[in-house]
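Here is how the chains run, residue by residue.
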Amino acid sequence: MKRLSLFVLILAGLAALALAPHAAAGFKPGAVWCDTDGRPINAHGGGILFHEGVYYWYGEIKEGRTYLPKVNQAWGGTRVLAAGVSVYSSRDLVTWKNEGVALAAVPENPDHDLSPENVIERPKVIYNARTRKFVMWFHQDSPNYQAARAGVAVSDTPTGPFAYVGAFRPNAGVAPLNASAEDLAPNPSNLLARDLAGGQMARDMTLFVDEDGTAYQFYSSEANKTMHISQLSDDYLRPAGRYARAFIDRSIEAPAVFKHGGKYYLIGSGCTGWDPNPAHSAVADSIFGPWTELGNPCRGEDAEITFSSQSTFVLPVAGKPGQFIAMFDRWNKWDLADSRYVWLPLEFDAEGHPVVRWTENPEFAQ
Ligand code: DGJ
C-alpha cells in the first residue's frame, strides 16, 4: 500500500512538471527557449524593435519537415516551407509572449511571392515616426535562392498583420555612390554592371535607423560577394537611390549593424549556408564607409565558429547606453525547426573593438 501511494505521488509529481508552463526564469544560449505559453520561441533570423517600452521580436517561422529541394541539391541548401514572420513581445528580454503571425505566407497561391515554396528570411521591422507605420523588410526569394530580392510589408501596429507591399531587386538604374568607371565596366563577370538596369541582388539583410531618423538597408549583393548599404526613402518603403558598396569580394552575410560613440559597427558571417564559420566585425565613421574590418569579435570556446551560430541582430539595451546584446542563430540544418538562439552580451575592448564572449548564463533582465 505504502509502495503504491509513493508510486502515485511520483506519477502526480511528474504530471505536474509536464503540465506546468516552462518558466522563463533565465536564458541559456543554445537551450530551448520557451514563450509564456510554454512553446519554443519560433523567430529565427530575427530582429528586434523597441517601441513604447516594449521589445518586439520578429523572426522566420520555421516549422514542419526539413527537406532538400532538388534545385538546391548541388549546394545542400535545406529548407522548411515558409510559414511567414512571427512576432513576440517582452518588457524584460527574457519573458516573451507570442503575439501571433505578423506576416503570413500565402499557401493558396503558388505564384505568390509569399507562397510557402518560396523563401521568407531575416525579417527586420522599423518604426517610421513621420508616417506612424511599422515597416518590415526581409529577404524574399525563389526556392533556389536565385531571385535574390528585398521584400517589404507595412502595418499600423507593431504586431500586425503586416500588409505585403512587394519584392524587388533594389536600386534599379542607379550606380553606387562609390563606384568607379572600372567598377561599372560591362563584362560577363561584373555582376554590379550586369544588374545595373534591373536592380541589384539582395539576400541576407538588416535595417539600421540612424539618430536623425534616416534608415538604411544592408544587403548581401553581387552573388553574396559584396555588401550594399542602401538609404531608404523617407517613408522607409523603398530605396532612396543612394547606396554604396562595402566589403568588396569579402563574401559577408548575416549583417547586424549598430552605432556606439558616434561610430557605426557591423557584425556578420562568412557564406557557408547553414554551417557556422568565423564571424566578421567592422567599424566606420560614416555609414557609407569606408569600413575597416576588425576580425572575428568572438572569444572563448568555439569562437572560431561563432559558438556554432550565425549573427542576426545587435540590440541596444533600452535605457542603458553602451549595452548591447549580440543575437545569433544556432541553425540545425537537418531539423531547421529545432534551430536555437544564442544571445550574448557585446562589449568593447581597450581598443574600442566589439567583443562577444561565450557566457553560459547571460543576464538580460532590465
Ligand atoms: C545563410 C543565410 O545567412 C541564411 O539566412 C540562409 O539563407 C541560409 N544561408 C540558407 O542556406
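Before reading further, recall that the structure is shown in the block above.
Just so it is clear, the structure is predicted and the values come from calculations on it, not from any experiment. Just so you know, the residues in each chain are numbered from 1, in the order the chain's sequence is written. The predicted nature of this model means local features are confined to residues of pLDDT at least 70 and side-chain atom pairs, given and counted, to a pLDDT of 80 or more, with totals for whole chains, interfaces and linings taken over all residues. Hydrogens are left out, water is left out, and the side-chain values use all remaining heavy atoms of the structure.

### Details of the packing of aromatic side chains
Turning to step 1, where the next piece is worked out: Each pair of aromatic rings taken from Phe, Tyr and Trp, with Trp reduced to its six-membered ring, is defined by centres within 6.5 Å and is described as stacked if the planes are under 30 degrees apart, edge-to-face if over 60, and tilted in the remaining cases. By the definition in use, this model includes 28 aromatic pairs.
Turning to step 2, where the next piece is worked out: Taken together, the aromatic side chains of Phe27, Trp33, Trp57, Tyr88, Trp96, Tyr341 and Trp343 make up a single cluster linked through ring pairs.

### Considerations on the pattern of salt bridges
Turning to step 1, where the next piece is worked out: Here, a salt bridge means any side-chain nitrogen of Lys or Arg that lies within 4 Å of a carboxyl oxygen of Asp or Glu. In this structure the tally under the stated criterion is 20 salt bridges.
Turning to step 2, where the next piece is worked out: Across the pair aspartate 183 and arginine 245 runs a salt bridge, and its minimum N-O distance is 3.8 Å. Of this pair, aspartate 183 sits in the loop between β8 (163-168) and α2 (191-194) while arginine 245 sits in strand β12 (residues 239-246), and the two are 62 residues apart along the sequence.
Turning to step 3, where the next piece is worked out: Relative accessibility decides the category of a residue: with a 1.4 Å probe and only protein chains considered, values under 20% of the type maximum give buried, values over 50% give exposed, and everything between is partly exposed. Looking at arginine 245, the relative accessible area reads 9%, which means it is buried.
Turning to step 4, where the next piece is worked out: The network of salt bridges with common partners includes Arg169, Arg194 and Asp195. By definition, any uninterrupted DSSP run of H or I lasting at least four residues is a helix, any uninterrupted run of E lasting at least two residues is a strand, and each is numbered from the N terminus.

### Let's talk about the nonpolar core
Turning to step 1, where the next piece is worked out: Residues belong to one nonpolar core when they are buried, are Ala, Val, Leu, Ile, Met, Phe, Trp, Tyr or Cys, and are joined through side-chain atoms within 4.5 Å. By size, the foremost hydrophobic cluster in this structure holds 20 residues, and its most contacted members are Ile48, Trp57, Trp96 and Trp343.
Turning to step 2, where the next piece is worked out: Sorting the residues of this core by element identifies β2 (54-60), β18 (310-316), β19 (324-330) and β20 (340-348) as the ones contributing at least two each.
Turning to step 3, where the next piece is worked out: Of all hydrophobic cores here, the second largest spans 19 residues; its members include Val85, Ala105, Phe134 and Met136.

### A few points about the pairing of strand β5 (residues 119-128)
Turning to step 1, where the next piece is worked out: Burial analysis of β5 places nine of its ten residues in the buried class, the great majority of the element.
Turning to step 2, where the next piece is worked out: The hairpin formed by β5 and strand β6 (residues 133-141) contains four residues between the paired strands, and arginine 132 there has a positive phi angle of roughly 55°. Paired strands, as defined in this entry, are two strands with at least two bridges between them according to DSSP.

### What about the pairing of β12?
Turning to step 1, where the next piece is worked out: Both strand β11 (residues 226-232) and β12 contribute to a ladder of five bridges, which runs antiparallel. Across the sheet, residue histidine 228 finds its bridge partner in β12, namely arginine 245.
Turning to step 2, where the next piece is worked out: Between β11 and β12, which follow one another and run antiparallel, lie six residues, and tyrosine 236 among them has a positive phi close to 65°.

### Regarding the site of the ligand
Turning to step 1, where the next piece is worked out: Whether a residue is near a molecule or strand is decided by its heavy atoms; if any one of them lies within 4 Å of it, the residue is near. In the vicinity of the ligand, the residues found are Trp75, Glu121, Arg122, Tyr145, Asp204, Glu253, Gly273, Trp274 and Gln310.
Turning to step 2, where the next piece is worked out: Distance and chemistry together define a polar contact, namely a pair of N or O atoms within 3.5 Å, with one atom able to donate a hydrogen and the other to accept it when in protein, and with adjacent residues in sequence counting only for side-chain atoms on both sides. At 2.6 Å, a side-chain N or O of glutamate 121 approaches an oxygen atom of the ligand.
Turning to step 3, where the next piece is worked out: Within the side chain of aspartate 204, one N or O atom sits 2.4 Å away from an oxygen atom of the ligand.
Turning to step 4, where the next piece is worked out: Only the protein chains shown count as cover for residues, and all accessible areas are computed by the Shrake-Rupley method using a 1.4 Å probe. When the ligand is considered free in solution it has 300 Å² of accessible area, and contact with the protein chains removes 95% of it.
Turning to step 5, where the next piece is worked out: Partitioning the shell around the ligand into residue classes produces three nonpolar, two polar and four charged. Asp, Glu, Lys and Arg are counted as charged, while Ala, Val, Leu, Ile, Met, Phe, Trp, Tyr, Cys and Pro are counted as nonpolar; the rest, among them Gly, fall into the polar class.

### Section: the sheet that holds strand β10 (residues 215-221)
Turning to step 1, where the next piece is worked out: Here we have four strands laid out as an open sheet, ordered β9-β10-β11-β12, and antiparallel in their pairing. Across the chains shown, the open sheet's two edge strands, defined by having one partner strand only, are β9 (205-209) and β12. Strand-to-strand twist of the sheet, defined as the mean angle between neighbouring strand axes without regard to direction, takes the value 25°.
Turning to step 2, where the next piece is worked out: Sheet topology places β10 next to β11; six bridges connect them, and they run antiparallel. Directly across from tyrosine 216, in β11, lies its bridge partner glutamine 231. Every axis corresponds to a line fitted to the C-alpha atoms, with the helix fit spanning only the stretch in contact, and the corresponding angles, defined between N-to-C directions, vary from 0 to 180 degrees.

### Details of the sheet that holds strand β16 (residues 291-293)
Turning to step 1, where the next piece is worked out: Pairing in this open sheet of four strands is antiparallel, and the strands run β13-β14-β15-β16 from one edge to the other. Whereas interior strands pair on both sides, the edge strands pair on one side only; in this sheet they are β13 (253-260) and β16. Averaged over neighbouring strand pairs, the angle between their axes works out to 25° when direction is ignored.
Turning to step 2, where the next piece is worked out: Pairing between strand β15 (residues 280-284) and β16: three bridges, direction antiparallel.

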